[in-house]
Amino acid sequence: MFRQYVLFVVACLFHVSLFGQEKVSISGYVKDASSGEILIGATIQAKESNRTVRTNSYGFFSLELDNKETTLLISYVGYQPIEESINTDEQKRFNFELTSIGREIEEVVISGKKQNKNVTSPQMGAFNFTIEEIKNVPVIFGERDILKTIQMLPGVGKGGEGSSSFFVRGGGGDQNLILLDEATVYNASHLLGFFSTFNSDAIKDVELFKGGIPAQYGGRISSVMDIHMIDGNNKNFAAEGGIGLIASRLKLEGPIQKDKSSFMISGRRTYADLFLKASSDQTVKDSKLYFYDLNAKLNYRINDKNTIYASGYFGKDDLGYGDLFSFDWGNATATVRWNHILNEKLFSNTSLIYSDFTYNVNVNNDNSEFVIASKIENFNLKQDFSYYANNKSTWRFGLNALKQKISPASLNANANSAVNSINIEKRHGIELAAYLSHEWNPTYWFSVLYGMRATDFMVQGPGTFYEFDRDGEAISSEKYTSSEIVKHHFNIEPRLSASFILDDKQSIKTSYNRIVQNLHQLTNTTSSLPTDQYVLSSINIKPQYADQVALGYFRNFANNTYEFSVESFYKYMGNQIDFRNGADLQANEFLEGELLFGQGRAYGLELYLRKTKGKFNGWISYTLGKSERQFEQINNGDWFNARQDRTHDVSIVGIYQLSNKWNVGANFVYYTGNAITFPSGKYTVDGRTSFYYTERNGYRMPDYHRLDLSANYDPSPKNKRFASSWSFGLYNVYNRKNAYIIDFRENENNANITEAYKIALFGIIPSVTWNFKF
Amino acid sequence: MRFYYLYTVLFCMLFASCEELIDVNLNEANPRYVIEGDLSDLTSEQIIKVSQTVAFNAPVRNKPIDNAIVRVMNDKGEVYTFNSIGDGAYSASFKPKDKTRYNLSVTIGDEVFESSSYMNPYIDVDSLGIIEDVIFSDTVYSVTLKFVDPKDQPNYYKYNISVNGKDFIFSRVFSDKFNDGLYVTHQISDNRNDILIGDTVVVRRQIIDKPVFTYWNDVLSINPGSAAPANPTSNISNGALGYFSVSSAKKYGFRIKFK
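Residues numbered from 1 in each chain as written. Chains lettered and ligands numbered in written order. Predicted model: local features only at pLDDT ≥ 70, side-chain atom pairs only at ≥ 80, totals over all residues.

## Concerning the overall build of chain A
- Scanning chain A from terminus to terminus reveals four helices and 50 strands.
- The C-alpha atoms of chain A give a radius of gyration of 27 Å, which matches the 28 Å a tight globule of 774 residues would have.
- Viewed in the frame of its principal axes, chain A has a C-alpha envelope of about 90 × 65 × 50 Å.
- The proportion of buried residues among the 774 residues of chain A is 43%.
- Across chain A, every contact between residues at least 6 apart in sequence was considered, and the portion connecting residues at least 24 apart equals 63%. (Helix = DSSP H or I, 4+ residues; strand = E, 2+ residues; numbered from the N terminus. Rg over C-alpha atoms; globule rule 2.2 N^0.38 Å. Buried ≥ 20, exposed ≤ 12 C-beta atoms within 10 Å, placed from the backbone. Contact = placed C-beta atoms within 7 Å.)

## Some points on the overall build of chain B
- In terms of regular secondary structure, chain B is built from one helix and 17 strands.
- In chain B, the share of contacts with a sequence separation of at least 24, taken over all contacts with a separation of at least 6, comes to 60%.

## Structural notes on unusual backbone geometry
- That bond from Gly461 of chain A to Pro462 of chain A is cis: its omega, 0°, falls within 30 degrees of zero.
- Here Pro462 of chain A is to be found in the loop between strand E28 (446-460) and strand E29 (463-468).
- The backbone of Arg169 of chain A shows a phi angle near 45°, a positive value even though the residue is not glycine.
- Take Arg169 of chain A: it is sitting in the loop between strand E11 (167-168) and strand E12 (176-180).
- Given 28 C-beta atoms within a 10 Å radius, Arg169 of chain A is considered buried.
- At Asn238 of chain B, a residue that is not glycine, the phi angle is positive and equals roughly 65°.
- As for its placement among the helices and strands, Asn238 of chain B is situated in the loop between helix H1 (210-221) and strand E17 (241-255).
- Judged by the 14 C-beta atoms lying within 10 Å of it, Asn238 of chain B falls in the partly exposed class.

## Considerations on the sheet that holds strand E6 (residues 79-80) of chain A
All names here are of chain A.
- Strand order in the open sheet formed by four strands is E4-E1-E8-E6, and the pairing between neighbours is mixed. The sheet is open, and its two borders are formed by strand E4 (60-65) and E6, each paired with just one other strand.
- Alignment of E6 against strand E8 (residues 92-100), held across two bridges, turns out to be antiparallel. Within E8, the residue paired with Tyr79 across the bridge is Ser100. (Pairing = 2+ DSSP bridges.)

## A look at the nonpolar core
- With 55 residues, the main nonpolar core has Ile146, Ile150, Ile203, Met225 and Ile227 of chain A as its most contacted residues.
- Not counting the four nearest positions on each side in its chain, Ile203 of chain A is found in contact with Ile131, Ile146, Phe198, Ile227, Met229 and Ile230 of chain A.
- One finds Ile35, Val70, Leu104 and Ile195 of chain B within the second-largest nonpolar core, a separate group that totals 46 residues. (Core = buried A, V, L, I, M, F, W, Y, C linked by C-beta atoms within 7 Å.)

## Focus: the domain arrangement of chain A
All names here are of chain A.
- What the domain assignment lists for chain A is domain 1 (23-115) and domain 2 (228-773).
- In this structure, domain 1 and domain 2 have C-alpha centres spaced 34 Å apart.
- Facing 25 residues of domain 1, the contacting portion of domain 2 comprises 28 residues.
- Counting residues per element, the ones that place at least two in the side of domain 1 that touches domain 2 are strand E1 (24-32), strand E3 (51-54) and E4. (Domains from an automatic or database assignment.)

## Here we look at the pairing of strand E27 (residues 427-443) of chain A
Residues and elements named next belong to chain A.
- By the bridge criterion, 14 bridges tie strand E26 (residues 393-413) to E27 in an arrangement that is antiparallel. Bridge pairing links Lys405 to His428 in E27.
- In this sheet, E28 lies alongside E27 in antiparallel orientation, the contact comprising 14 bridges. When the sheet's bridge partners are listed, Gly429 is paired in E28 with Val459.
- A loop of two residues connects E27 with E28, the two strands running antiparallel in sequence.

## Notes on the sheet that holds strand E2 (residues 43-46) of chain A
Residues and elements named next belong to chain A.
- A sheet is described by the order of its strands in space; here four strands give the open sequence E3-E2-E5-E7, paired in antiparallel fashion. Since the sheet does not close on itself, it has two edges, and those belong to E3 and strand E7 (82-87), each with one partner. Geometrically, the sheet is characterised by an average inter-axis angle of 25° between neighbouring strands, direction not taken into account. (Axes fitted to C-alpha atoms, helices over the stretch in contact; angles between N-to-C directions.)

## Observations concerning the environment of Asp286 of chain A
All names here are of chain A.
- Relative to the elements of secondary structure, Asp286 occurs in the loop between helix H4 (282-285) and strand E21 (288-303).
- For Asp286, a count of 16 C-beta atoms within 10 Å gives the class partly exposed.
- Measuring from C-alpha to C-alpha, the distance between Asp286 and Leu324 comes to 9.9 Å, with 38 residues separating the pair along the chain.
- Aside from chain neighbours lying at most four places away, what touches Asp286 is Gly322 and Asp323.

## Describing the environment of Tyr713 of chain A
All names here are of chain A.
- Tracing the sequence through the fold places Tyr713 in strand E46 (residues 704-713).
- Judged by the 15 C-beta atoms lying within 10 Å of it, Tyr713 falls in the partly exposed class.
- The spacing of Tyr713 and Asn735 is 22 residues in sequence and 25 Å in space, taken between C-alpha atoms.
- Ignoring any residue separated from it by four or fewer positions in sequence, one finds Tyr713 in contact with Lys661, Trp662, Ser725 and Trp726.

## Examining H1 of chain B
Residues and elements named next belong to chain B.
- For H1, spanning 12 residues, the distance from its first C-alpha to its last is 16 Å, which sits close to the expected 16 Å at 1.5 Å a residue.
- Of all the residues in H1, the buried ones are Val212, Thr214, Tyr215, Trp216, Asn217 and Asp218.
- Residues of H1 that are buried sit in contact with strand E10 (111-119), strand E13 (156-163), strand E14 (169-175), strand E16 (200-208) and E17. (Expected span 1.5 Å × (residues − 1).)

## A short note on the environment of Glu19 of chain B
- When you line up the elements, Glu19 of chain B lands in strand E2 (residues 18-22).
- Residues Glu19 of chain B and Pro150 of chain B, spaced 131 residues apart in sequence, show a C-alpha to C-alpha distance of 45 Å.
- With residues up to four places along the chain from it excluded, the contact list for Glu19 of chain B reads Tyr757 and Ile759 of chain A.

## Structural notes on the pairing of E14 of chain B
Residue and element names in this part refer to chain B.
- Here six bridges tie E13 to E14, and the two strands are oriented antiparallel to one another. From the neighbouring strand, Tyr156 faces E14, where its bridge partner is Ser175.
- Hairpin connection from E13 to E14: five residues lie between these consecutive antiparallel strands, with Asn164 at a positive phi of about 55°.

## Digging into the confidence of the model for chain A
Residues and elements named next belong to chain A.
- Looking at chain A, the pLDDT average stands at 85 and 90% of residues meet or exceed 70.
- This model gives residues 5-21 a pLDDT under 50, and the stretch forms 14 contacts once residues within four places in sequence are excluded.
- Every residue in residues 103-114 scores below 50 in pLDDT, and together they form 18 contacts with partners more than four places removed in sequence or on other chains. (pLDDT = per-residue confidence, 0-100.)

See the structure below:
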């Protein structure tokens, strides 16, 4: 199998050397003029021939020229476009720099026609935002949060208050692949979900795929969220910071060697726990409640053909009560990348990636002292090639070896503790993958992106593997040594997206993808917790997979000022996981016996209208959807609504530039309450009222809705070094008490009466921010 | 261009989580039978209760069933017939013996419900104690029982608590999963009310079998954050709710005094 891919790669390389010289090709990078940051997705258009290409996620482009003398138009959203006349008859490298429009509000008229990528590109079910584009969207506590903004797009279900997880097209919260500079982030939330792990100071942009996922991605069946960190200013030193009541931030960036290498380091820490220090109680004084994030990146341009990037993230949440109890968790990632331009048409990226997620619990009371520790980690080696065969055809292919290791929660107690140490076996797996994809625009009206990913997940020893009967009791066990492969899970994942362009303004697109997932998160609470257990595919757990088809209509209005799309999808999910009643998921060597396996389906319709230019911009998104699951041993084997099944989901975001100094923003969200299990009766056991449950997720939480407002005031004159501005925010303006939990209990005074009550987390929350820069 | 940012945030937060009573429209389900048998060697009169579920908003807690035929038989063939004493309760006079299996049969009309429970021998307590905890300026108490857990066999413990002479209510169950064979401390408190200075506390400790542990552990695992609350796993056949347990048990008294 892999031999064929290697042969293919070699064939492509030969192809380059044999046929690469026919026409003149140019290549290079597009960058921000002030900071040297590479720009992802910038357009390079040859005016005479109307050929257009875009920069890839490393800012690289390759363009084949029809004539050696031509004028190029280079443009990027939020930047002043430039025209460059070039005259070359040889392969040459060009680097272009664009200047940010900044806060000028006069509309920039971009000549040329290619502002309609959303219509013409074969990709569907995808969104791309730069951090600049979302900075005026109102958010909780005034902290810009890319994860919360993503949740206002069609087909992306909000996790709700107190949750950073999101649900794409009816999928689960653990079925989203979240990448930070290509490294997997296992847990994207801080403070149990109130903040995401992505400090917006350090983020350049984000891309979300919810369908038609390209073949270079794999490993999660619902979506891919690909986040890029900024590289660091390689022209000038710059510092940026913030001091707030909740958190402080500081970012430093600058050149190491001007135009050649740069660094960026960004940190953030909350300090709500400092208030605990004011307490007179010594235990409270010694308590902890904070999180911090650290992002860092270095890049070094060795020469015209080689660039090296090193980036990392480290974050931790720490909760503690005196020295009696402490609980901390966090992610760490590290990525080293080498971009190499083999020639004008062939771009290579080699990445070596590590990421992990750990949590630790320390208990230290009178008779028991112990530590619970859990870790999940992966090493990933990726080789990607982009081959720009000609302006109609781009090939992407690559290989990927991913080593995963799970150390489930183990308990370490000291000798005279009242608990025994428990060591649950580690689990190992290696996933080998190869992919090939081809983006092809044979004619003006048709373009297609198709490809294939092949994965072989190898369940590795050492370890004891059990088989279970129908009731989850272990019936046999087998020991494997570290050199043995316990099982291969081999899968082929075809991917296809195609667009039929009706005219400049409208197109019809369709896509199909199959994706396989070998890492599974076991959550048996309504909000996912850091202590959730992860498992790999094994002899009992088959890889989850999803087959998704989608069909959409895309249309732009008024010279691409408005983008409109309607997409419908159907998704089938195989080998889904749930649990037996009262399943014991902690420190259980027979854990797999507690699992139940079933299937899922989701379908829906998504409408999206966005205004991209002018004084007023924003979007409206609406999703009509259904998501269901079926397990033989749950709900009598009948289909039931998934918890995140939302019939209606609406988001409206609007930002208006009132004047040179003021802009205002508003967003409104509404969605059908989650499906939930409520009792349908009651009875008494042991003198207590107990509740009688009949149907899984047969009820609904109340509908969720909320309005937020924001205003920014920037009075500073232009061209002055010192500038200051104000941001005002109002979260949940009409103080809606959205239910976080609904529970049932006996009435305090009369045990014969039972009552329902709800807990709401946030009422109205105003925030004020003062910014200044010089 | 050179920027030095200084960025100050002022939050005026009304961060108050709030709780309020609401009306929820719940369906009415077909009633199911509930059987509750907690037999032990503490007394020589054993009680088994039979009832039915009622609608959530019914003005009563359950519907007692008085026309059942309730029998318990041990593995030596001795049969104990329980007689209805009203309000869904049935009684029989005998004291169960440890290392014996007891089988339950309840017949209601033409439906038969069966279960079985093994009575494990008692595990003696070595010492008793009282623990004082200060949780943010409040001083609360709990009681402790220390004992040696028998090694290399699974053991399950259930505790009920009575404070100041009130009815016994369920407190905790424990297994020896994490402390098999060790000198173990079980800490018991009242789930609903804090134990305070001057209180009289009685703890009932039962050595139960695994299905009964599973039942009570399920009860404890259902909390407002459960993704999918379900009925606790019953050890009674034919879809009845509730449990049947035969255990060896003892009571321990405590008085919370000033030191």
